[in-house]
Structure formats: structure tokens, C-alpha cells
Amino acid sequence: WYWQKEKREPYVKFMEANYPPGFSYEDFGPLFTAEFFDPNQWADILKASGAKYVVLTSKHHEGFTLWGSKYSWNWNAVDVGPKRDLVAELATSVRNRTDLHFGLYHSLFEWFNPVFLEDATNVFKTRKFPTSKSLPELYEIVTKYQPEIIWSDGNGNAPDTYWNSTGFLAWLYNDSPVRDTVVTNDRWGVGSICTHGGFYTCSDRYNPGHLLPHKWENCMTIDKRSWGYRRNAQLDDYLTTEDLVKQLVETVSCGGNLLMNIGPTHDGRVAVIFEERLRQMGAWLKVNGEAIYGTKPWRAQNDTVTPEVWYTFSPKEGKVNAIFLNWPVSGTLELGEPRAKLGETQVKLIGYKELLKWVALGEKGIVIALPQLTPKQLPCQWGWTLQLTDLN
């Protein structure tokens with residue numbers, strides 16, 4: 001897009017300097033080799049991350065499908081490049097080795113597809129592209145791979161009537177093989193984003209910082225500057241595990257899910273830095289998962305007195321979880337929101353055996369004495385959870 005459509009100078013120059021004259025985007029097809037792609041290893045990393053679902057980009061805006069689509073002749077991973085059905089391989093490994101829900105991302109439009117461009121020239125009065133390409137592909141991936149999440153994207157500035165989104169979704173929810181389990185997002189044509197959908201995504205890296213009345217998802221990237229793999233990325237370009245835990249906690253406290261993107265390499269690897277981030281998230285969730293999974297937003301999302309404290313509520317146990325991202329130097333943590341009951345309220349640090357001592361600050365507010373722990377004794381890094389029971 002930057003190179004061929006916007007013709008941004010650094011991209012044009014890079015291609016001229018590093019590729020043969022006349023090299024086209026299509027020439028990248030055979031260079032996408034995936035020789036190190038091991039779907040079992042991917043599944044094991046995904047499981048270790050503590051994630052509950054995974055969404056694979058089955059086709060992005062340039063139209064190359066990662067499965068052998070009947071509707072993408074000679075521009076798919078079975079005919080060109082890896083000569084493998086990457087969607088099928090990952091779906092099988094995820095289902096055999098994990099309990100993650102398997103989802104697929106699919107781009108409705110394609111940047112350079114002549115059939116789409118013709119429809120666009122006709123101000124979408126003709127519908128050749130959705131009827132011959134987009135919709136058949138969607139029916140194909142749902143029937144073939146039975147994904148439990150359909151993550152649609154790329155409306156190409158066309159309305160949902162052009163895409164016949166309602167027709168497809170009616171089939172998906174009533175007649176498709178995943179009708180009882182499938183969940184969809186909100187990117188189904190101009191005007192549908194943040195308005196219609198099983199969960200709202202609203203925009204990339206969306207994090208409202210307050211409670212929303214509808215289920216939503218913060219879809220963001222570990223590489224701050226890209227959704228793909230960049231060979232020239234610097235360490236600084238990657239979010240730290242502290243950053244990621246903070247994003248997760250803020251998102252969940254406001255009623256959202258976190259969809260954390262990594263870009264694999266052309267030879268099929270999950271770069272070691274991405275693997276480390278994912279495994280560290282998993283290590284954090286192993287300790288603090290009960291403050292994340294199955295929780296609902298509490299009456300307050302973050303604390304009024306101490307910054308970087310976010311709340312979630314566990315309805316089954318009736319526990320309020322206060323997740324704090326900075327361990328206080330004083331050894332005491334003041335929370336302005338909880339209303340404690342003398343002799344009844346109990347405070348526990350997840351991953352630490354004994355109950356913690358606390359004093360109430362009048363009607364509202366509580367000061368908690370944290371245990372004196374060495375770094376080795378801390379239950380985890382990057383953030384800790386206090387569980388409060390029997391509050392007012």
C-alpha cells in the first residue's frame with residue numbers, strides 16, 4: 001500500500017535498492033515459504049500465553065488466502081509459496097492441543113483487486129466482487145474450518161448492503177455449522193463499526209478507559225508500529241510485559257477483551273521476543289487469572305485515591321479484585337473505593353497464603369498492610385491482585 005498505492009518515498013527507494021527491476025508484489029508469493037512453520041509449536045505457545053481464543057488472519061487486504069481457496073486462483077498458500085493449507089494445520093493443532101476457541105480474520109475488500117476497483121468506480125451499484133469473491137470465501141472458511149470467531153475487516157468504504165453482510169450473518173447464526181457457538185465483531189460495512197456486532201472493536205488499539213454498555217475488544221499489537229513482522233524493528237518498538245499487563249487490566253476492568261497481535265515471519269516462525277511476551281503474559285495469568293477470567297466490571301473501574309489500581313468483580317465468589325501495578329515503597333496500599341465492614345471484610349494477596357491486615361478510612365476507603373516480601377518471594381512480577389470479600 002505504501003509502496004504501490006501511496007508511493008511513499010522510503011518504501012519505493014527500499015524496493016529499488018533491494019529487489020530486481022520490475023519486481024512486483026506478486027513476486028513475493030514464492031518467497032513466502034513457511035519452512036519452519038510448526039502448528040503444534042504455535043498451539044503450545046498460544047496455550048502457554050493464557051489466551052482463551054486465537055484469531056488467524058486468513059486473508060488480508062492484498063487478497064492472498066492462507067488456505068487453498070477456490071475463489072483465489074493461484075494466489076493462495078496451497079498453490080504458491082508454502083504449498084500448505086496453513087489455516088487447516090493451525091486449526092487442527094489448536095483444537096487437538098488446547099482449549100482455545102479458534103477464530104479467523106477475513107478482509108472483505110482487496111486493495112488492488114480489479115473486480116473490486118470496478119465496483120468502486122460504479123459507486124458500488126454493481127456487486128461483482130462480493131458475489132464472486134468475498135462472500136464465497138466467507139462461506140468457504142466457515143464450512144471448511146468452522147471458526148468460532150469471525151473477525152471481519154476492511155469495508156472498502158462500501159455499505160453493508162453492497163457486502164450483503166446481513167444475508168451472510170443470518171446464515172451464520174441460523175444455518176451454518178457454527179450457528180450455536182460463533183461470535184462476530186462489528187466491521188461489516190460503512191456505519192456498522194461500534195454499532196452492530198457481537199462485540200465492538202470501534203477502532204484499532206481501542207481502549208475507552210471507561211465502562212461501555214456493550215461487550216468490546218481492544219485489538220492491539222505488541223509491536224507499537226506494525227501488525228506484521230518487521231525485520232528492522234528495534235527493541236524499543238515492542239511493548240514491555242509491564243505495558244501489556246497494564247493494557248490487559250485496564251481493558252478487562254472496563255468490560256473488554258484483549259486481542260494481542262503478533263506478526264509471524266515469512267518462514268513460519270513466531271519470533272522469540274513475541275514468544276517471550278506471550279509466555280510472560282501466561283505466567284502472570286497463571287497467578288492472577290481469577291481476577292481476569294469470568295469477571296465482570298465492578299461499580300468502579302479504577303481507584304480514586306491511588307493511581308494504577310484497576311478493579312474487576314468475580315460474581316460467583318462475590319470477590320472484588322483490586323489489581324495494582326506499582327508495589328508501594330511504604331508497604332501499605334490505600335484504596336479509596338471499597339467500603340469495608342469491620343470484623344467481616346477479608347483481604348488476600350493472590351499467591352500469598354496469609355490474610356492481610358487492614359484499617360477502614362471511615363465510610364469509604366481502606367488501608368492495607370502488604371506483606372514484606374523479597375523479589376523472589378513475590379507471587380509474580382508486573383502487577384499484583386488483592387482480593388476483597390464481604391465488602392459493603
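About the cut-offs
Residues numbered from 1 in each chain as written. Predicted model: local features only at pLDDT ≥ 70, side-chain atom pairs only at ≥ 80, totals over all residues. Heavy atoms only, no water. Helix = DSSP H or I, 4+ residues; strand = E, 2+ residues; numbered from the N terminus. Rg over C-alpha atoms; globule rule 2.2 N^0.38 Å. Buried < 20%, exposed > 50% of the residue type's maximum accessible area, 1.4 Å probe, protein only. Areas by Shrake-Rupley, 256 points an atom, 1.4 Å probe, with all protein chains shown as cover. Domains from an automatic or database assignment. Contact = heavy atoms within 4.5 Å. Buried area = accessible area lost by both parts, 1.4 Å probe. Salt bridge = Lys/Arg side-chain N within 4 Å of Asp/Glu carboxyl O. Polar contact = N/O pair within 3.5 Å; in protein donor to acceptor, adjacent residues only side chain to side chain. Nonpolar A, V, L, I, M, F, W, Y, C, P; charged D, E, K, R; others polar. Core = buried A, V, L, I, M, F, W, Y, C linked by side-chain atoms within 4.5 Å. Pairing = 2+ DSSP bridges. Axes fitted to C-alpha atoms, helices over the stretch in contact; angles between N-to-C directions. Parallel < 35°, antiparallel > 145°, perpendicular 65-115°, else oblique. Left-handed = near helix turned anticlockwise from the far one by under 90°. Disulfide = S-S within 2.5 Å. Arc of directions from axis to C-beta. UniProt positions renumbered as here; feature names shortened; annotations may be inferred.

## Points about the overall build of the protein chain
- Per the secondary structure count, the protein chain includes nine helices and 13 strands.
- A compact globule built from 392 residues would reach a C-alpha radius of gyration of about 21 Å, and the protein chain, at 24 Å, matches this within 12%.
- With respect to the principal axes defined by its C-alpha atoms, the protein chain has extents near 75 × 45 × 40 Å.
- Across the 392 residues in the protein chain, those meeting the buried criterion constitute 50%.
- Just so you have it, the protein chain exposes about 19,400 Å², and 53% of that area is on carbon and sulfur atoms.

## Some thoughts on the domain arrangement of the protein chain
- Partitioning the protein chain into structural domains gives domain 1 (9–291) and domain 2 (296–389).
- Relative to domain 2, the C-alpha centre of domain 1 lies at a distance of 37 Å.
- Tallying the contact residues gives 17 residues for domain 1 and 20 residues for domain 2.
- Buried area between domain 1 and domain 2, both sides added, is near 1,700 Å², and the carbon and sulfur share of it is 69%.
- Taken together, domain 1 and domain 2 are joined by one salt bridge.
- One salt bridge in this structure joins E308 and K246, with 3.4 Å as the shortest N-O distance.
- Inspection of the region where domain 1 meets domain 2 yields six residue pairs in polar contact (both at pLDDT 80 or more).
- Put simply, the parts of the chain that give the side of domain 1 that touches domain 2 at least two residues each are α8 (241–253) and α9 (272–288).
- If one sorts the elements of the side of domain 1 that touches domain 2 by residue count, α8 sits on top with eight residues.
- Classifying every residue of the side of domain 1 that touches domain 2 gives eight nonpolar, five polar and four charged.

## Describing the environment of E275
- Its location among the elements puts E275 in helix α9.
- The spacing of E275 and I45 is 230 residues in sequence and 6.7 Å in space, taken between C-alpha atoms.
- With sequence-adjacent residues up to four places away left out, E275 is seen in contact with I45 and V270.

## Things to note about the nonpolar core
- If you look at the biggest cluster of nonpolar residues, it comprises 97 residues, and the most contacted ones within it are F168, L172, W284, I368 and L386.
- Counting residues per element, this core draws most heavily on helix α5 (residues 128–145), at six residues.
- The residues contacting I368, other than those within four sequence positions of it, are G331, T332, L333, L335, V347, L356, K357, W358 and L386.

## A word on the sheet that holds strand β3 (residues 149–153)
- One open sheet holds the four strands; their spatial order is β1-β2-β3-β4, and the pairing between them is parallel. Looking along the sheet, the strands with just one partner apiece sit at the ends: β1 (53–59) and β4 (183–184).
- The pairing of strand β2 (residues 101–107) with β3 spans five bridges and is parallel. Paired with H106 across the two strands is S152, which belongs to β3.

## Things to note about the packing of helix α2 (residues 39–48) against helix α3 (residues 86–97)
- For the pair α2 and α3, interaxial distance at closest approach is 8 Å and the crossing angle is 50°. Comparing the axis directions of α2 and α3 gives the class oblique. Crossing of α2 over α3 shows right-handed handedness. Two secondary-structure elements touch here, α2 through P39, N40, W42, A43, D44, L46 and K47 and α3 through E89, L90, S93, V94 and R97.
- Grouping the amino acids of the contact of α2 with α3 by side-chain chemistry returns six nonpolar, two polar and four charged.

## Side note on the sheet that holds strand β9 (residues 332–335)
- Here we have three strands laid out as an open sheet, ordered β9-β12-β11, and antiparallel in their pairing. Strand pairing shows two members of the sheet lacking a second neighbour, β9 and β11 (358–360), which therefore form its edges. If you compare each strand with its neighbour and ignore which way they point, the axes differ by 15° on average.
- Strand direction decides the pairing type here: β9 and strand β12 (residues 366–369), joined by four bridges, are antiparallel. Looking at β12, one finds that T332 is bridged to A369.

## Quick word on the state of the cysteines
- Scanning the entire structure with this criterion turns up one disulfide.
- With no disulfide partner, C219 has as its closest neighbouring cysteine sulfur the one in C202, 11 Å distant.
- You can call C219 buried: its relative accessible area is 5%.

## Some words on α2
- All of the buried residues along α2 are P39, W42, A43, I45 and L46. Mapping the buried residues of α2 onto a view down its axis gives an arc of 160°, with all of them on the same face.
- At its buried positions, α2 is contacted by β1, α3 and α9.
- One side-chain oxygen at the N-terminal end of α2 lies 3.0 Å from the backbone nitrogen of N40; it belongs to D38.
- Trailing α2 by a residue or two, G50 shows a phi angle of about 80°, which is positive.

## Considering the UniProt feature "domain: Glycoside hydrolase family 29 N-terminal" (unreviewed entry) in the protein chain
- Mapped onto this numbering, the UniProt entry gives "domain: Glycoside hydrolase family 29 N-terminal" (unreviewed entry) at residues 1–290.
- Taken end to end, residues 1–290 is 35% helix and 11% strand, and its first and last C-alpha atoms sit 43 Å apart.

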